[in-house]
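Structural characterization, general
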Amino acid sequence: MKTVTINQLSEYEGQDVELKGWVYNTRNVGKLWFIIFRDGTGLLQGVVVKGEATDESFLLENDLNQEDSIILNGTVRKEPRSIGGYELGVKEIEVVKHVTDEFPISHKEHGADFLMSNRHLWLRSKRQNAIMRIRHQVVRAIRNFFDNNGFTLIDSPIFTGNAVEGTTTLFEVDYFERSAYLTQSGQLYQEAGATAFGKTYCFGPTFRAEKSKTRRHLTEFWMVEPEMAYVNLDENMTWAENLVGYIVKQVLANCEVELSTLERDIDKLNAVVPPFPRMTYDEAVNLLKDNGSDFKYGSDFGAPDETLLSEKFDKPILIHRWPAEIKAFYMKRDEHDSDLALGVDMIAPEGYGEIIGGGQREDDLDILVNRIRHHDLPLEPFQWYLDLRKYGSVPHSGFGLGLERTVAWICGTKHIRETIPFPRTMSRLEP
Ligand code: 4AD
Ligand code: MG
């Protein structure tokens, strides 16, 4: 008999198949009983009827526990009222292993902290399954986007000798006789990559010693960072919006079941088609003030400001040309106003906040040296980075998209901790 998975059942209507997985739940309805079965690709309702199932299998009803590992065989039937649109007329149930202790995550409500402490088991639940599958599709879309657009993958290192995004969120580690830092961003290495290959990207974990306990911050998160030679700020924004438009389109095409499990409002995602609205920092500040905010010019937007701005639009917005004082040392200044940095942030709709940060990079050696000094950073670890301005310097730009914030927005989940398999926050290192 053929072994198949739940997500393939539409190809096997009317046929006898075998499925390998686990008990999700059981339900009695008098003369017959139902088994809700999961196999990692979905949920399936099995109907166990005396006479159709072997006697031994029929009698298992009261012996099965949540998460027993079992192998089912039976006939696939179309059943529009059933989860997934198919059900299995069960003929035989083989118990691979009984669970003797009660599974900690029952079908009742549990508190967030309890669930996080049981993350290794919580991942089996329907909602977490849907989120992880969407995360996978987002990653796939990101890779396809860059691979199909002439980018070369250049992995940035994780151990680094210097800060990229300020010194306050660095994780320091012992590195033989000296200190190393876990990378906050692979950007600087991508700048070397872009000068060597034209267009590159890296995609991996990045680290920030964030002391904030917000629903948007992790200490370990994944970031994809493209970098492009001979690309200015405007062109950079076009790359950013096209990437995000493509990701959303791919998720809509591949994750219909998952989005429906999460009860995501699809209309909101369907609206995410480039081009996205663009505005300067100054314009954004005016918009805030017009809407009753007492925002102080020159500071960074907080979560409530981002929410207020995003609620005015049904697409992500691009905010560019920021006060240089609040942006990183490597940002190029606006030639029309040297107080402004050519940075850009993309703010997701529906109050999900910043998902992209990037901009055009300073390409002049002397200016860059002064900026590093002005930011009180040591020059020594940046010597290699400065070489990029000595040899073949060109205008260049790039950005970083935070994977978990993007997944949180697309899934419509409030908290970022559900969007990564094993989240790391200030208070959590296990599981
Ligand atoms: O805006 P950020 O700090 O930009 C950079 O790191 C640039 N060097 C990237 C580049 O130009 N190559 O971070 C980029 C994105 C943010 O917009 C956000 O989505 C995500 O990374 N991010 C976080 N996600 C989760 N938890 C955190 N603590 C995050 N910090 C940043
Ligand atoms: Mg940022």
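All figures in this text were calculated on a predicted structure; none of them were measured in a lab. (Residues numbered from 1 in each chain as written. Chains lettered and ligands numbered in written order. Predicted model: local features only at pLDDT ≥ 70, side-chain atom pairs only at ≥ 80, totals over all residues. Heavy atoms only, no water.)

1. Observations concerning the environment of L88
Spelled out, the test is: Only DSSP runs of H or I with at least four residues qualify as helices, and only runs of E with at least two residues qualify as strands; both kinds are numbered from the N terminus onward. Residue contacts are counted whenever heavy atoms from the two residues lie within 4.5 Å of one another.
Looking at the element boundaries, L88 is found in strand β6 (residues 86-97). For L88 and Q45, which are 43 residues apart along the polypeptide, the C-alpha to C-alpha distance reads 6.4 Å. Discounting chain neighbours no more than four positions away, the residues touching L88 are V17, L19, L44, Q45, G46, V47, L72, N73, G74, T75 and V76.

2. A look at the layout of surface pockets
Quick reminder of the rule: Buried and open spaces are told apart on a 1 Å grid over the protein atoms alone, a cavity being a set of points where a 1.4 Å probe fits but cannot get out and a pocket being an open set with protein on both sides within 12 Å along at least five of seven lines. Residues with an atom within 4 Å of a point are the lining residues. Grid points are joined across faces, edges and corners, and a volume is the space filled by probe spheres set on the points. The classification used treats Ala, Val, Leu, Ile, Met, Phe, Trp, Tyr, Cys and Pro as nonpolar, Asp, Glu, Lys and Arg as charged, and all other residues, Gly among them, as polar.
Roughly 1200 Å³ of volume is contained in the largest pocket. Along its surface, the largest pocket is lined by 49 residues, and E165, R208, E210, D300 and E354 are the ones closest to its centre. When residues of the lining of the largest pocket are traced back to their parent elements, those giving at least two are β12 (220-229), α10 (303-310), β17 (353-360), β18 (396-402) and α13 (403-411). Residue composition of the lining of the largest pocket, by class: 18 nonpolar, 15 polar and 16 charged. Taken as a whole, the second largest pocket encloses approximately 730 Å³ of empty space.

3. Quick look at the side chain of H415
For clarity, the threshold we go by: The buried label goes to any residue with under 20% of its type's maximum accessible area, the exposed label to any with over 50%, and the partly exposed label to all in between, with areas taken from a 1.4 Å probe on protein chains only.
Along the chain, the position of H415 falls in the segment after α13. Its relative accessible area of 18% is what places H415 among the buried residues. Setting aside anything within four residues of it in sequence, one finds H415 in contact with T214 and R215.

4. Considering the pairing of strand β14 (residues 317-323)
Quick reminder of the rule: We call two strands paired when DSSP finds no fewer than two bridges between them.
Most of β14 sits out of view: six of its seven residues are buried. Looking at chain direction, strand β13 (residues 278-280) and β14 are connected through three bridges and run parallel. Note on β14: the bridge partner recorded for T280 is H320. With six bridges connecting them, β14 and strand β16 (residues 337-348) associate as antiparallel partners. Bridge pairing in β16 links I317 to I347.

5. What to know about the site of ligand 1
For clarity, the cut-off: It suffices for a single heavy atom of a residue to lie within 4 Å of a molecule or strand for the residue to be listed as near it. N or O atoms within 3.5 Å of each other form a polar contact, as long as, within protein, one can give a hydrogen and the other can take it, and as long as residues adjacent in sequence are counted only when both atoms are side-chain atoms. Values of accessible area rely on a 1.4 Å probe in the Shrake-Rupley scheme; residue burial ignores everything except the protein chains shown. In this description, a molecule resides in a pocket or cavity if more than half of its atoms sit within 2 Å of the grid points defining it.
In the vicinity of ligand 1, 24 residues are found, and the nearest of them are E165, Q187, R208, E225 and E354. Measuring from a nitrogen atom of ligand 1, one finds a side-chain N or O atom of Y330 at 3.3 Å. At a separation of 3.5 Å, a nitrogen atom of ligand 1 approaches a polar backbone atom of F399. With the chains in place, 94% of the 630 Å² that ligand 1 exposes on its own is no longer accessible. A majority-of-atoms criterion places ligand 1 in the largest pocket. Elements supplying a minimum of two residues to the shell around ligand 1: β12, β17 and β18. Considering each element in turn, the shell around ligand 1 owes the most residues, five residues, to β17. Looking at side-chain class alone, the shell around ligand 1 contains eight nonpolar, eight polar and eight charged residues.

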